[in-house]
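# Structural description and commentary
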Amino acid sequence: MTDVLAGGSHPAHSTVNGSPFPPIAEYGFLSDCEVCALVAPSGNVEWMCLPRMDGPSIFAAALDRGAGSFRLGPADVTVPAGRRYLPGTMVLETTWATPGGWAVVRDVLLVGPWRHKARRSDSHQRAPVDHAAEQVLLRTARCLNGHIDFVLECEPAFDYGRQRGTWRHIGGGYGAAEALLGDERQFRLTTDLNLGFEGPRAIARRRLRAGEQVSAPCRGGDGTAPETFADAHQRLAQTADFWHEWVSRGTFPDHPWREHLVRSALTLKGLTLRADRGAAGGCDHVPAGDTRRGA
């Protein structure tokens, strides 16, 4: 996938031969080398597994439209004005245009500094490295001008759609909730929006005006989610810096296809999971490589 994701011949709401599923080429791919996710053009996360990419799914609408999804986007528009990866990163940026205004949504699976300092990690047997997967899907939205009514709809369906969960608020307000399967917490959703519940679905709606911004991190495992938009922005930038540094270790030719080679390297890297549960270590250990011969 290239840095620019063109709308192509199939808009986000179209079908192919009557199928309700977006073409696979239209999904954006996110990874922290331990968890991966697929984001449809509509802003719907339609594939994600926890606690690792080979674990049971929490969102699987890419396989079955009722098997779980997580949307953050305009209430009445599902076809974006543009999509791209921030060059040299695994940060997906979607631009929305509505009759009322323009907005940008950025999606990323966070990578941060090695955090298991007080105690050893239960999931990494290799020697600790500088960076580790946070197991946090971060979604941010910013209104550029005018106003846009944004909606958040998070409806997990666990174990490939076999089981539905329940929600409960945590803390004293409406901005944090836990998704439960029985009495066991599966993941936590925090946001600047006010969350309510409709059966297995967490829902929020808010009109964003020019300059306003919100974040909606979804956290699994023992990672820590950003608590403010400023924190979210900093950690998104930190993750982008990680990918830039990783790409800089590769040798890519000065060629019109360079961006395609970089995107291919990032995609292959994002699909790499170490068999001994050293996935986050894999982020640092696997080099971008020399692509001159392949060019």
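Please refer to the structure higher up on the page.
Residues numbered from 1 in each chain as written. Predicted model: local features only at pLDDT ≥ 70, side-chain atom pairs only at ≥ 80, totals over all residues. Heavy atoms only, no water.

### Section: the packing of aromatic side chains
Definition in use: For Phe, Tyr and Trp, where Trp contributes only its six-membered ring, two rings pair if their centres lie within 6.5 Å, and the inter-plane angle classes them as stacked under 30 degrees, edge-to-face over 60, or tilted in between. The buried label applies to any residue whose accessible area, calculated with a 1.4 Å probe on protein chains only, is under 20% of its type's maximum; exposed applies above 50%, and partly exposed to all values in between. A helix here means a DSSP run of H or I that spans at least four residues, while a strand means a run of E at least two residues long, and both kinds are numbered starting from the N terminus. The rule for a charge over a ring is simple: NZ of Lys or CZ of Arg within 6 Å of the ring centre, and within 35 degrees of the ring normal.
Applying the stated criterion across every chain, the model contains eight aromatic pairs. Here phenylalanine 242 and tryptophan 243 contribute two aromatic rings whose centre-to-centre distance is 5.1 Å and whose plane-to-plane angle is 70°, an arrangement assigned as edge-to-face. The exposure class assigned to tryptophan 243 is buried, which follows from its relative accessible area of 0%. With a centroid separation of 6.3 Å and 80° between ring planes, the pair formed by tryptophan 243 and tryptophan 246 is classed as edge-to-face. Pair noted here: tryptophan 243 and tryptophan 246 are both in helix α2 (residues 229–248), with a separation of three residues, about one helical turn. There is no split in this pair, since tryptophan 243 and tryptophan 246 are both buried. Members of the aromatic cluster, each reached through a chain of ring pairs, are Phe59, Phe70, Phe158, Trp167, Phe187 and Phe197. Looking at arginine 71, its charged tip hangs above the ring of tryptophan 96, at a distance of 5.9 Å from the centre. One Lys or Arg, arginine 139, reaches over the ring of phenylalanine 70 and ends 5.0 Å from the middle of that ring.

### A short note on the pattern of salt bridges
Spelled out, the test is: By definition, a salt bridge exists where a carboxyl oxygen of Asp or Glu is found within 4 Å of a side-chain nitrogen of Lys or Arg.
The tally for this structure, following the rule as stated, stands at 15 salt bridges. A salt bridge links aspartate 107 to arginine 139, with the shortest nitrogen-to-oxygen separation between them at 2.7 Å. With aspartate 107 in strand β9 (residues 101–113) and arginine 139 in strand β10 (residues 131–155), the pair connects residues that are 32 residues apart, well separated along the chain. Residue aspartate 107 is classed as buried on the basis of its relative accessible area of 1%. When the shortest N-O distance is used, the salt bridge between arginine 164 and glutamate 155 registers 3.3 Å. By relative accessible area, which is 42% here, arginine 164 ends up partly exposed.

### Considering the state of the cysteines
Should the sulfur atoms of two cysteines be covalently bonded, the bond is a disulfide. What counts here: The disulfide criterion is simple: two cysteine sulfur atoms within 2.5 Å.
Applying the stated rule across the entire model yields zero disulfides. The thiol of cysteine 154 is not disulfide-bonded; the next cysteine sulfur, from cysteine 218, is found 5.7 Å away. Among the residues examined, cysteine 154 registers a relative accessible area of 0% and is labelled buried. Of the residues examined, cysteine 218 reaches a relative accessible area of 0% and is grouped as buried.

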